[in-house]
Amino acid sequence: MTDLVETGTRSVGSSASKSYYQGDAFAARLRQRYAAERNFKIAGYASIGIAAVMLVVLLSTIIGQGYTAFWQTRIQIEATIDPAEVAPVGTTDRTKISQGNFNKLLRDALAAQFPDITDRSDRRKMYDVLSSGAAYELADAVMENPALIGQKVKLWVTASDDVDQLMKGYIERDAREENRKVNDIQLRVVDKLTADKNIALQFNDTLFTRGDSREPEMAGLWGSIKGSFLTLLVTMFLAVPIGVSAAIYLEEFAPKNKLTDFIEVNINNLAAVPSIVYGLLGLAVFLNFFGMPRSAPLVGGVVLALMTLPIIIIASRAALKAVPPSIRDAALGVGASPLQAVLHHRLPLAMPGILTGTILGMAHALGETAPLLMIGMVAFIVDIPGGFTDSATLLPVQIYMWADSPERAFTERTSAAILVLLGFLVMMNGLAVFLRKKFERRW
Amino acid sequence: MQVQTNFAAKSPLPLDAEGTPIKMQARGVKVFYGPKQALKGIDIDIGENKVLALIGPSGCGKSTFLRCLNRMNDTIEHCRVEGLLTLDGEDVYGHNIDTVQLRARVGMVFQKPNPFPKSIYDNISYGPKIHGMASHKDEMDEIVEKSLQRAGLWNEVKDRLREPGTGLSGGQQQRLCIARAIAVSPEVILMDEPCSALDPIATAHIEELIDELRENYTIVIVTHNMQQAARVSQKTAFFHLGEMVECDDTEEIFTNPRDERTQGYITGRYG
């Protein structure tokens, strides 16, 4: 700075006119340049700020709506396992036990707690505080431990979704009875249970261990998580080897001519094809022509693999292209064959980029619903898939179906399912970052 | 290819005017990059165990010619080579020549040091490994040590063979690349401006090395540095605009050039 001033003074001293760079016109220009830079910075901050705010709003909404779904109201019941209703004392055969009338046991247990409710319709209302799945929970407990037959059992069973919503504060107690999902009898029952500490919010393990259900309190994500896993497994084992091999061939071996240009243009176009088109393709080719099973992770995986292939090919080619050609020259120079030059040198160096592209492609596939629409994977499927050809549904499909359900309890479960899906996506992206760091090398 | 017989010949190679066996020979070599002609008919004899320097202004085709000698030009799209190029009398571009074999026999050192991003040991052992030159780890260790010794790098790196080759200094990296080329026991080593990215001390190292390597290998070196050409080579060829203007003994070229373009270049009038 001082140098500049000195030179300036000297030049003014030696000659009458200032140089161009010391003139006012240049100073104004300089100010303008800095102003442009400042404005650009402000615009940048603003965009980042807006993006951050939107993300926060999105996440806080989902979390705010969804966190309650991780808890579920349960009611403690003291039931007598009457051998007359279930099976003789000493029975261990599970199927025999499962045929018992556990519903009646639960009802009797409730009735015993509320002897003053005698009217038939009132009793029915009272029974409805329990989930229709509660009988299965009691049955499961007895099947696990047949020695309980003939004994008194204390057991936490799932409450109905309306009672659950009431406990979570989503249902107004002061509303008139006909406008309230929980009627007066049920309110009385819940209040008594609360007073006796026989009703409580507990961790909702049902959400992670069961398949879908029409009853919100019995509905879980495990079926769709497993379906997503099986489908992505198929996608990965198809798309990654084929995509990477295609990228290697196109980048390293294919002659540069009209045909490869045509293929390249088409691959780029395929990456932009609406995903539902892949679903139609899957329906026409895999289901109708090859007669593969409907709703199966196998078909879903193949369709998603087709959708992911262009992404993987483009990312892998870019990664291979980014490896300096000097490495290939070095390998060829010591007499490596072109394939050896690729497999031993260029591919390992391109690995971080390939992995990043692959995992992002897989994450994209994980969040896709449209292509599954046509192959019957957007369906209400209760059973948990055991293999690649069983009927299954996927996480995003589950979210869509729950969002479509009228029950209030499905609203929070939808948000919870979104959180689970986001969790998996974050895990996959974290894996991508980890692998990139691990394989990254300098050259 | 006819083999000339000579009563003094120890090798079956044809001899040049001074009685040096000709390791590689170019006759009318033309190279095209698409429609553009880069070399317009080159005739050159490369003597066994000699250093041939290729000099000339940028873009004159010296590197192109060098890359023809081990067919590295094959990797360049739309590159076409015409004319005859032989190694030990065998057509380099013939049908029965395999490029993998050719490049193992004619090794190459590049302008920018390009070690693999692997350990020093792996850099050297890669070539011998893919060619199956060592059946034992001991043999491989020996090859690595010998190659590094020949390249004058052994004393500097013997304690850190497992460290990455990219962590060495520029001059050391270039010697590592030379050691890597030597490791596969080539007959000819091509060097494409091997010192252009190096400081004078590292350059002096490499020049000394080239002089020692001459005993066992035939060397062709492209250089922009005329003092270097004068120091390390026995023969020098001057290239200009895709033509080989003149090829003669190095001393002859630098003291008594026949062509005025050569004269102009070596005296620094252009290029």
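Note that the structure is predicted; figures quoted are calculated from it, not measured.

Some words on the sheet that holds strand 9 (residues 235-240) of chain B
One key point about sheets: their strands pair by backbone hydrogen bonds, in either a parallel or an antiparallel sense.
All names here are of chain B.
Then, number 1: Strand order across the open sheet formed by 6 strands is 6-7-8-3-9-10, with mixed pairing between neighbours. On the outer flanks of this sheet lie strand 6 (106-109) and strand 10 (243-249), each paired with one strand and no other. For this sheet the average axis-to-axis angle between neighbouring strands, irrespective of direction, equals 15°.
Then, number 2: Packed onto the sheet, helix 6 (residues 170-183) meets strand 6 and strand 7 (188-192) and runs at close to 170° relative to strand 6.

Side note on the packing of aromatic side chains
Then, number 1: Inspection of the entire model under this criterion finds 11 aromatic pairs over all chains.
Then, number 2: Measuring from ring centre to ring centre gives 5.3 Å for Tyr20 of chain A and Tyr21 of chain A, while their planes differ by 70°; the resulting arrangement is edge-to-face.
Then, number 3: Ring geometry for Trp402 of chain A versus Phe410 of chain A: centroids 5.7 Å apart, planes at 35°, classification tilted.
Then, number 4: Residue classification places Trp402 of chain A among the buried positions, given a relative accessible area of 1%.
Then, number 5: The cationic tip of Arg214 of chain A hangs over the ring face of Phe380 of chain A; the distance from NZ or CZ to the ring centre is 3.8 Å.
Then, number 6: The lysine or arginine in question, Arg80 of chain B, covers the ring of Phe32 of chain B, its NZ or CZ lying 4.4 Å from the ring centre.

Details of unusual backbone geometry
Then, number 1: One non-glycine residue with positive phi stands out, namely Ser295 of chain A, at about 60°.
Then, number 2: Topologically, Ser295 of chain A is positioned in the loop between helix 12 (275-289) and helix 13 (297-322).
Then, number 3: For Ser295 of chain A, a relative accessible area of 8% corresponds to the buried category.
Then, number 4: Located in the positive-phi region is Asp88 of chain B, a residue other than glycine, with phi close to 50°.
Then, number 5: Looking at the element boundaries, Asp88 of chain B is found in the loop between strand 4 (79-87) and strand 5 (90-91).

Describing the environment of Ala135 of chain A
Then, number 1: When you line up the elements, Ala135 of chain A lands in helix 6 (residues 134-144).
Then, number 2: Sequence spacing of Ala135 of chain A and Asn101 of chain A is 34 residues, and the spatial spacing of their C-alpha atoms is 8.3 Å.

A short note on the interface of chain A and chain B
Then, number 1: Each partner contributes residues to the interface: chain A has 20 residues there, and chain B has 24 residues.
Then, number 2: Around 1800 Å² of area is buried between chain A and chain B when both sides are counted, 61% of it from carbon and sulfur atoms.
Then, number 3: Inspection of the region where chain A meets chain B yields 1 salt bridge.
Then, number 4: Salt-bridge contacts for Arg67 of chain B lead to Asp329 of chain A; the nearest nitrogen and oxygen are separated by 3.9 Å.
Then, number 5: Linking chain A with chain B are 4 residue pairs in polar contact (both at pLDDT 80 or more).
Then, number 6: Mapped by element, the contributors of at least two residues to the side of chain A that touches chain B are helix 14 (325-333) and helix 15 (338-366) of chain A.
Then, number 7: Considering every element that reaches the side of chain A that touches chain B, the biggest residue donor is helix 14 of chain A, with 8 residues.
Then, number 8: When the residues that make up the side of chain A that touches chain B are grouped by side-chain class, the tally is 8 nonpolar, 7 polar and 5 charged.

Things to note about helix 3 (residues 120-130) of chain B
Then, number 1: Where burial is concerned, most of helix 3 of chain B is hidden: 9 out of the 11 residues are buried.
Then, number 2: Buried within helix 3 of chain B are the following residues: Ile120, Tyr121, Asn123, Ile124, Ser125, Tyr126, Gly127, Pro128 and Ile130 of chain B.
Then, number 3: Of the surrounding elements, those touching the buried residues of helix 3 of chain B are helix 15 of chain A together with helix 4 (137-150), helix 5 (154-157) and helix 6 of chain B.
Then, number 4: Of the residues flanking the end of helix 3 of chain B, it is Gly132 of chain B, one or two places downstream, whose phi is positive at about 65°.

So, helix 7 (residues 200-213) of chain B
Note that an α-helix has 3.6 residues per turn; residues three or four places apart therefore point the same way.
Residue and element names in this part refer to chain B.
Then, number 1: Taking 1.5 Å as the rise per residue, helix 7 with 14 residues should run 20 Å; its terminal C-alpha atoms sit 20 Å apart, in good agreement.
Then, number 2: All of the buried residues along helix 7 are Ala202, Thr203, Ile206, Glu207, Leu209, Ile210 and Leu213. Seen end-on, helix 7 carries its buried residues on one side only, within an arc spanning 160°. Opposite the buried face of helix 7, at more than 90 degrees from it, the exposed residues are Pro200, Ile201 and Glu208.

Notes on a negative patch on the surface
Then, number 1: Judged by side-chain charge, Asp138, Glu139, Glu142 and Glu145 of chain B come together as a negatively charged surface patch.
Then, number 2: The exposure class of Glu145 of chain B is partly exposed, given its relative accessible area of 31%.

Looking at the sheet that holds strand 5 of chain B
Residues and elements named next belong to chain B.
Then, number 1: One open sheet holds the 4 strands; their spatial order is 2-1-4-5, and the pairing between them is antiparallel. What marks the edges here is a single partner per strand, and that holds for strand 2 (36-47) and strand 5.
Then, number 2: Pairing analysis gives 9 bridges linking strand 1 (residues 22-33) to strand 2, with the strands arranged antiparallel. Paired with Gln25 across the strands is Asp45, a residue of strand 2.

With respect to the pairing of strand 9 of chain B
If a strand is regular, its side chains alternate between the two faces of the sheet.
All names here are of chain B.
Then, number 1: The buried fraction of strand 9 amounts to 6 of the 6 residues, a majority that puts the element mostly inside the structure.
Then, number 2: What you see with strand 9 is no split at all: Lys235, Ala237 and Phe239 on one side and Thr236, Phe238 and His240 on the other are buried throughout.
Then, number 3: Taken together, the 4 bridges between strand 3 (residues 51-55) and strand 9 define a ladder with parallel strand orientation. Bridging from a neighbouring strand, Leu52 pairs with Lys235 of strand 9.

Quick look at the nonpolar core
Taken as a class, soluble globular proteins show a tendency for nonpolar side chains to be buried jointly.
Then, number 1: If you look at the biggest cluster of nonpolar residues, it comprises 53 residues, and the most contacted ones within it are Ile44, Leu54, Phe65, Leu69 and Phe239 of chain B.
Then, number 2: Counting residues per element, this core draws most heavily on helix 15 of chain A, which supplies 6 residues.
Then, number 3: Excluding its chain neighbours within four sequence positions, the residues that come into contact with Ile44 of chain B are Met24, Gln25, Ala26, Arg27, Leu52, Leu54, Phe65, Ala237, Phe239, Met244 and Cys247 of chain B.

Some words on the confidence of the model for chain B
Residue and element names in this part refer to chain B.
Then, number 1: Per-residue confidence for chain B gives a mean pLDDT of 87; residues scoring 70 or more make up 95%.
Then, number 2: Of the regions scoring below 50 in pLDDT, residues 1-10 engages in 7 contacts with residues more than four places distant in sequence or in other chains.
Then, number 3: Under the prediction, the complex receives an ipTM of 0.86, its pTM being 0.82.

Conventions used here
- Residues numbered from 1 in each chain as written.
- Chains lettered and ligands numbered in written order.
- Predicted model: local features only at pLDDT ≥ 70, side-chain atom pairs only at ≥ 80, totals over all residues.
- Heavy atoms only, no water.
- Pairing = 2+ DSSP bridges.
- Helix = DSSP H or I, 4+ residues; strand = E, 2+ residues; numbered from the N terminus.
- Axes fitted to C-alpha atoms, helices over the stretch in contact; angles between N-to-C directions.
- Contact = heavy atoms within 4.5 Å.
- Phe/Tyr/Trp six-rings, centres within 6.5 Å; stacked < 30°, edge-to-face > 60°.
- Buried < 20%, exposed > 50% of the residue type's maximum accessible area, 1.4 Å probe, protein only.
- Lys NZ or Arg CZ within 6 Å of the ring centre and 35° of its normal.
- Buried area = accessible area lost by both parts, 1.4 Å probe.
- Salt bridge = Lys/Arg side-chain N within 4 Å of Asp/Glu carboxyl O.
- Polar contact = N/O pair within 3.5 Å; in protein donor to acceptor, adjacent residues only side chain to side chain.
- Nonpolar A, V, L, I, M, F, W, Y, C, P; charged D, E, K, R; others polar.
- Expected span 1.5 Å × (residues − 1).
- Arc of directions from axis to C-beta.
- Patch = residues over 30% accessible without salt bridge, like charges linked within 9 Å, V, L, I, M, F, W, Y side chains within 5 Å.
- Areas by Shrake-Rupley, 256 points an atom, 1.4 Å probe, with all protein chains shown as cover.
- Lys, Arg positive; Asp, Glu negative; His and termini not counted.
- Charge placed at Lys NZ, Arg CZ, Asp CG, Glu CD.
- Core = buried A, V, L, I, M, F, W, Y, C linked by side-chain atoms within 4.5 Å.
- pLDDT = per-residue confidence, 0-100.

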